[in-house]
Amino acid sequence: MAQTTREAAVLRRALTVLTVLTVSTALIAPVVPAAAATTRDDFGALLQEQLDAVHAAGMPGAFAEVRDGRRTWTPTTGVADVATGAPVRDGMRHRVGSITKTFTATTMLQLAGERRIALDAPIGRYLHRGLVPAGLARQVTVRMLLNHTSGIGDYANAIFTTLDDLITMGKTIYTPEQLVRLGVGVGPTNAPGAMHSYSNTNYILAGLIIERVTGHSYRAEVTNRILRPLGLRDTYFEGNEFDIRGPHMHAYVPWPDGTLKDFTHYNMSWGWAAGEMVSTARDLDVFYRALLTGKLLRPAQLAQMQTTVPSVPEDPAAGGYGLGLYWVDLPCGRFWGHDGGTIGHQTVSWHSPDGSRQVTYAQSMAFYQTSNTEPHPIDIALINFLYVALCGDDSNAVAARARTMPKMPQTVEVMRGLVSR
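Quantities reported herein were computed from a predicted structural model and do not represent experimental measurements.

**Q** So what exactly am I meant to see when it comes to the sheet that holds strand S6 (residues 236-237) here?
**A** Strand order in this open sheet of 3 strands is S5-S9-S6, and the pairing throughout is antiparallel. Sheet topology places strand S5 (94-95) and S6 at the edges, where each strand pairs with a single neighbour. When S6 meets strand S9 (residues 277-279), the two strands line up antiparallel, connected through 2 bridges. From the neighbouring strand, Tyr236 faces S9, where its bridge partner is Val278.

Following this line, the structure appears as structure tokens:
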């Protein structure tokens, strides 16, 4: 059946690979100079104003946690459920998509620090024979999986080709081995090691390596090495449970018929070690602060994690992707983190190198963009919020932002990017 124009538009948005979003200063709404926000209450009001602008631009609901040293703000906006009008509350859980990759990569690097995994060893050393073709087993290294330079295809391109597939995949239970075979089956994107090409298949393979090396599930290893030591009680692996435990926002996608389709009841087995986790803004801030300050990795392993390749090979200044972690440069400095998206839930988590300045942001709608070249008003408002959250007290950064807006990675992850980076 031929697709309608609106169906094609939704499908195109959901299949868009990680792109670079160039935002002109002419398109950016003016931001109140944060230099005037000298008190906690003033800055909190400014954050709330900027988050409310995201809702006013069309986002059903959003929440965030912003930290500056010992000060913390937790603004919320909009509704968690458009049917009931229930408001968004602080502390809600959220599907965080590819932020799962940072947890998986941290576990891999801990194993590397224990000399149980060698980053530059071929993946065939750690996988069951026959799972990937012999050539890939010899040529692709563990490092290439973690920084997405393996060239292995993304299974998302196999399981999602029509809007009906978007519905079907939420009802289908996938095994990691199935996802790997689907990813290999779509064909390579480049020669192993040649360049960065984001593929969720890489992190399914990473999860399988963790299991083969340790003899435990990757979930047990992440739990014992990260979640329990850090007290991340609201972070867990959803898998095929279909429903998010505890308070949460619903997950929406604008549908071709003009409605908001609710994807809250959804199976996440298609994400596994690449994107199945549920968390909160607080838990993610605690995790990234611990990671960047050396509480989870030895200095040598953290240095490996922060050794990057260009996220956009033709534009190295757009950002660098390390081992499950990327950087983005703002006028007030460099920030590390990851973003993540599932079907309706999207998250951004960015942090200063010393973990003192942090923002984790979550929203309840995906695939709303209507242009491949012009930013949507929601994205403009989101970028404003992130800038204020991270650079708001820096008058020099505000002045720099008024002069120019650098190229930034698209901060809301889409289907092929998990389905980002």
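So, next bit.
**Q** What's the story with the packing of aromatic side chains in this structure? I'm lost.
**A** Think of a pair of aromatic rings as described by two things: how far the centres are apart, and how the planes are tilted against each other in angle. Per the counting criterion, the structure on display carries 8 aromatic pairs. Plain terms: the ring middles of Phe103 and Phe287 are 3.8 Å apart, the flat faces sit at 10° to each other, and that makes the pair stacked. Of this pair, Phe103 sits in helix H3 (residues 100-113) while Phe287 sits in helix H12 (residues 281-292); the two residues are 184 residues apart in sequence, bridging distant segments of the chain. Of the two residues examined, Phe103 and Phe287, each falls in the buried class. Seen from their ring centres, Trp255 and Phe263 are 5.6 Å apart, and the 50° between their planes marks the pair as tilted. The buried category is assigned to Trp255, whose relative accessible area is 14%. Ring pairing ties together the aromatic residues Phe103, Phe287 and Tyr288, which thus form one cluster. Across the ring face of Tyr236, the terminal group of Arg245 is positioned such that the distance to the ring centre comes to 4.0 Å.

**Q** Teacher, can you tell me more about the packing of H3 against helix H10 (residues 218-230) here?
**A** A pair of packed helices is captured by two measures, namely the crossing angle of their axes and the spacing between those axes. Orientation of H3 relative to H10, taken along the N-to-C sense of each, is 80°, at an axis distance of 10 Å. Considered as vectors, H3 and H10 are oriented roughly perpendicular to each other. Contact with H3, carried on its side by Thr100, Phe103, Thr104, Thr106, Thr107, Gln110 and Leu111, involves Tyr218, Glu221, Val222, Arg225, Ile226 and Leu227 of H10 and no other residues of that element. Across the contact of H3 with H10, the residue classes break down as 6 nonpolar, 5 polar and 2 charged.

Here is what the cut-offs are and how they apply
Residues numbered from 1 in each chain as written. Predicted model: local features only at pLDDT ≥ 70, side-chain atom pairs only at ≥ 80, totals over all residues. Heavy atoms only, no water. Pairing = 2+ DSSP bridges. Helix = DSSP H or I, 4+ residues; strand = E, 2+ residues; numbered from the N terminus. Phe/Tyr/Trp six-rings, centres within 6.5 Å; stacked < 30°, edge-to-face > 60°. Buried < 20%, exposed > 50% of the residue type's maximum accessible area, 1.4 Å probe, protein only. Lys NZ or Arg CZ within 6 Å of the ring centre and 35° of its normal. Axes fitted to C-alpha atoms, helices over the stretch in contact; angles between N-to-C directions. Parallel < 35°, antiparallel > 145°, perpendicular 65-115°, else oblique. Contact = heavy atoms within 4.5 Å. Nonpolar A, V, L, I, M, F, W, Y, C, P; charged D, E, K, R; others polar.

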